[in-house]
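So the chains spell out like this:
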2 protein chains.
Amino acid sequence: MRYAIGADVGGTNIRVGLIDESGRLIVKKSEPVGSARDPLPFFKRLTDLIENVAGAHLNSLSGIGLGLPGICNTKEGMIHQLPHFPSWRDVPVSKILSEKFSCPIVFDNDANMAALGELWRGTAKHLDSFIMLTLGTGIGGGLVLNRKLWQGAQGFAGEVGHMVIEVDGRACACGNKGCWEVYASSGAVPKETTAEKLADQAFAGDLEAKKFWETFGKYLGVGIANLASITGIENYVLGGGIAKAFPHFMESCKKAMHQNTYDHLASRVVILQSTLDGDGNLLGAANAVFTSRTW
Amino acid sequence: MRYAIGADVGGTNIRVGLIDESGRLIVKKSEPVGSARDPLPFFKRLTDLIENVAGAHLNSLSGIGLGLPGICNTKEGMIHQLPHFPSWRDVPVSKILSEKFSCPIVFDNDANMAALGELWRGTAKHLDSFIMLTLGTGIGGGLVLNRKLWQGAQGFAGEVGHMVIEVDGRACACGNKGCWEVYASSGAVPKETTAEKLADQAFAGDLEAKKFWETFGKYLGVGIANLASITGIENYVLGGGIAKAFPHFMESCKKAMHQNTYDHLASRVVILQSTLDGDGNLLGAANAVFTSRTW
């Protein structure tokens, strides 16, 4: 049996799993990112955690897969920008990890890793083509075409959250205006509350909270319609923390999707929820080690 | 030498060319679509023109390629909708032509055919991946990924003109609101004038006409930025009647493209003009006969 490390870095936690080639998650550990946001102390913490999780398999690993929530240039093995860690600029991830570990290193955007996880072990197991959408502080995207990840020339594909759906619209953290994720991620949640609270309130019947999710769903549906019009892809898998509020925004999302693309396509579009309960990124990162599933 | 027919149906003319496998356009004829918009008289007119243009090569043709400006289900050989010909619904194009001609029939959306033309003999000859944008009464799109046309599950991919860039924005002919093509095709031209007149006026220094093209370019650039963010594709080829006004909207288009996607990608994006002078659709339709260039 072959083994790989799947690792994922979020805004709050670093998570590392040991995964075998059948897709079994053998051991998983996480620790807070904390203040170690400068590249060198961060990589010290990450490599320590990888050694710890790999245990006896460390010297026989098939490789290490790492998902990072930023602009990844997979061709050059470099991450250009990482919004949570503003001090990171053009960090040579592959080079840094190769100095510590002798096995192959694969890194990519976290939404791409989540897409590979769904393709391997999740709700997209039987799908040829789909778009993974991770709904969190932004909207991440991973495009799977004919069972392979489409990365674009430099690995930049899938930055769907910054698709503009309102020219000169609301300000986005990226510096631009009207990006999709301003309307359909936690960026849309008013500062005085949280997505989780709003979901609970909607469940309890609160009308304002219900209205919030209805509007959220409308904007989510517009963006999915756009992706369908452009790519002709019929399957969309929702993951990330906010996807759990799916029942509250599902109806308005589907309605807006239908209204914003043409009938022959809309009637074929299927919107699914991830079934991997947050482990999709780790599984996908390991899968990227075991197979070459990119264009 | 092998020969194919490349045919294209626009709102005004039916155009048919005899093309050899080196990409030489040997003879080309066109006639007005006129009032023959019901499927059967239309196909009589089209097949007569094909016979006429094919001449002595009729019985040895490698095939007939046909581009149509509508929602083409290439998998089922059927066109669902053709906006210029509202009476067309689910017309079985492949079947109708196969009853008349014994050679293979290939049909697709006209923008997809234009993309294949650029890939074969045009400005995209040396590109791996690009998006063709035909600017006319709407915005047609053709996605070429790794030198093959990406069609989506049913052949519906590339309906980029109906990407929504203004939620609840201006009304589009499709019945929806805020579609890209309302802002960056001849749909953006005020009724009392034409794109050609506005281009002439801008060339002569008219400030209002210049302002029109500046705004046109801004919206065009937003949409190109969106396509780049989603697909990671770096090359865009503009064709269609309005592309000729390129010098008037180029600057604002590039500026808006830069402003609406992230720097690392924007700095790599190249916006090119078609060099095929309107024959791209015919060449692409013939190319689709000679080679299987689809996903």
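Cut-offs applied
Residues numbered from 1 in each chain as written. Chains lettered and ligands numbered in written order. Predicted model: local features only at pLDDT ≥ 70, side-chain atom pairs only at ≥ 80, totals over all residues. Heavy atoms only, no water. Least-squares fit on C-alpha atoms with pLDDT ≥ 70 in both. Contact = heavy atoms within 4.5 Å. Pairing = 2+ DSSP bridges. Helix = DSSP H or I, 4+ residues; strand = E, 2+ residues; numbered from the N terminus. Axes fitted to C-alpha atoms, helices over the stretch in contact; angles between N-to-C directions. Buried < 20%, exposed > 50% of the residue type's maximum accessible area, 1.4 Å probe, protein only. pLDDT = per-residue confidence, 0-100. Buried area = accessible area lost by both parts, 1.4 Å probe. Salt bridge = Lys/Arg side-chain N within 4 Å of Asp/Glu carboxyl O. Nonpolar A, V, L, I, M, F, W, Y, C, P; charged D, E, K, R; others polar. Parallel < 35°, antiparallel > 145°, perpendicular 65-115°, else oblique. Phe/Tyr/Trp six-rings, centres within 6.5 Å; stacked < 30°, edge-to-face > 60°. Lys NZ or Arg CZ within 6 Å of the ring centre and 35° of its normal.

**As for the relation of the copies chain B and chain A**
- Under the fitted operation, chain B is carried onto chain A by 0.0 Å of movement along the axis and a turn of 180°, and the coordinates agree to an RMSD of 0.0 Å. The relationship between the two copies is best expressed as a two-fold rotation axis.
- Take the interface residues of chain B: 100% of them recur as interface residues in chain A, which is what a same-surface contact looks like.

**Structural notes on the sheet that holds strand S8 (residues 105-109) of chain A**
Residue and element names in this part refer to chain A.
- Here we have five strands laid out as an open sheet, ordered S3-S2-S1-S4-S8, and mixed in their pairing. Every interior strand has two partners, whereas the edge strands, strand S3 (25-32) and S8, have only one. Neighbour-to-neighbour, the strand axes of the sheet open up by a mean angle of 15°, direction not taken into account.
- Summarising the sheet, strand S1 (residues 3-9) and strand S4 (residues 63-68) pair through five bridges and their orientation is parallel.

**A look at unusual backbone geometry**
- In this structure, aspartate 168 of chain A takes a positive phi of about 60° despite not being glycine.
- Of note in the backbone geometry, aspartate 90 of chain B takes a positive phi value of approximately 50° without being a glycine.
- Inspection of the secondary structure puts aspartate 90 of chain B in strand S7 (residues 89-91).
- In this structure aspartate 90 of chain B comes out as partly exposed when scored by relative accessible area, which is 37%.

**Quick word on the confidence of the model for chain A**
All names here are of chain A.
- When the pLDDT values of chain A are averaged, the result is 94; 99% of them are 70 or greater.
- Averaged over each element, pLDDT in chain A is lowest for strand S5 (residues 71-73) (88) and highest for helix H6 (residues 207-231) (98).
- The ipTM assigned to the predicted complex is 0.95, against a pTM of 0.95.

**Observations regarding the interface of chain B and chain A**
- Between chain B and chain A, the residue contacts involve 45 residues of the former and 45 residues of the latter.
- Between chain B and chain A the total buried area reaches about 3700 Å² when both faces are included, carbon and sulfur atoms providing 57% of it.
- Our count for the contact surface shared by chain B and chain A stands at four salt bridges.
- Among the salt bridges present, the one from glutamate 76 of chain A reaches arginine 268 of chain B, with a minimum N-O distance of 3.8 Å.
- Only strand S5 (71-73), strand S6 (78-81), strand S10 (139-145), helix H6 (207-231) and helix H8 (263-266) of chain B provide two or more residues apiece to the side of chain B that touches chain A.
- Split into classes, the residues belonging to the side of chain B that touches chain A amount to 20 nonpolar, 17 polar and eight charged.

**Thoughts on the sheet that holds strand S13 (residues 270-273) of chain A**
Residue and element names in this part refer to chain A.
- The mixed open sheet is built from five strands, whose spatial order is S11-S10-S9-S12-S13. Sheet topology places strand S11 (148-150) and S13 at the edges, where each strand pairs with a single neighbour. Shown here is a sheet whose adjacent strand axes are inclined to one another by a mean of 30°, direction ignored.
- Of the pairings in the sheet, the one linking strand S9 (residues 130-135) to strand S12 (residues 235-239) comprises four bridges and is parallel in character. Counterpart to methionine 132 in the pairing with S12 is valine 237.

**So, the packing of helix H3 (residues 110-121) of chain A against helix H9 (residues 280-290) of chain A**
Residue and element names in this part refer to chain A.
- As a packed pair, H3 and H9 sit with axes 6 Å apart at the nearest point and diverge in direction by 80°. In terms of their interaxial angle, H3 and H9 are classed as roughly perpendicular. For the pair formed by H3 and H9, the contact residues are Asp110, Met113, Ala114, Leu116, Gly117, Trp120 and Arg121 on the first element and Gly280, Asn281, Leu283, Gly284, Ala285, Ala286, Asn287, Ala288 and Phe290 on the second.
- Classifying every residue of the contact of H3 with H9 gives nine nonpolar, five polar and two charged.

**Some words on the packing of aromatic side chains**
- Taken as a whole and judged by the stated rule, the model has 28 aromatic pairs over all chains.
- On the numbers, 5.9 Å between centres and 35° between planes, the contact of tryptophan 213 of chain A with phenylalanine 249 of chain A is tilted. Of this pair, tryptophan 213 of chain A sits in helix H6 while phenylalanine 249 of chain A sits in helix H7 (residues 246-259), and the two are 36 residues apart along the sequence. In this pair, the class of tryptophan 213 of chain A matches that of phenylalanine 249 of chain A, namely buried.
- Ring centres 4.7 Å apart and planes at 20° place the aromatic pair tyrosine 183 of chain B and tyrosine 219 of chain B in the stacked group. In this pair, tyrosine 183 of chain B is assigned in helix H4 (residues 180-183) and tyrosine 219 of chain B in helix H6, connecting sequence segments 36 residues apart.
- Lying over the aromatic face of tyrosine 219 of chain A, lysine 218 of chain A brings its terminal NZ or CZ to 5.8 Å of the ring centre.

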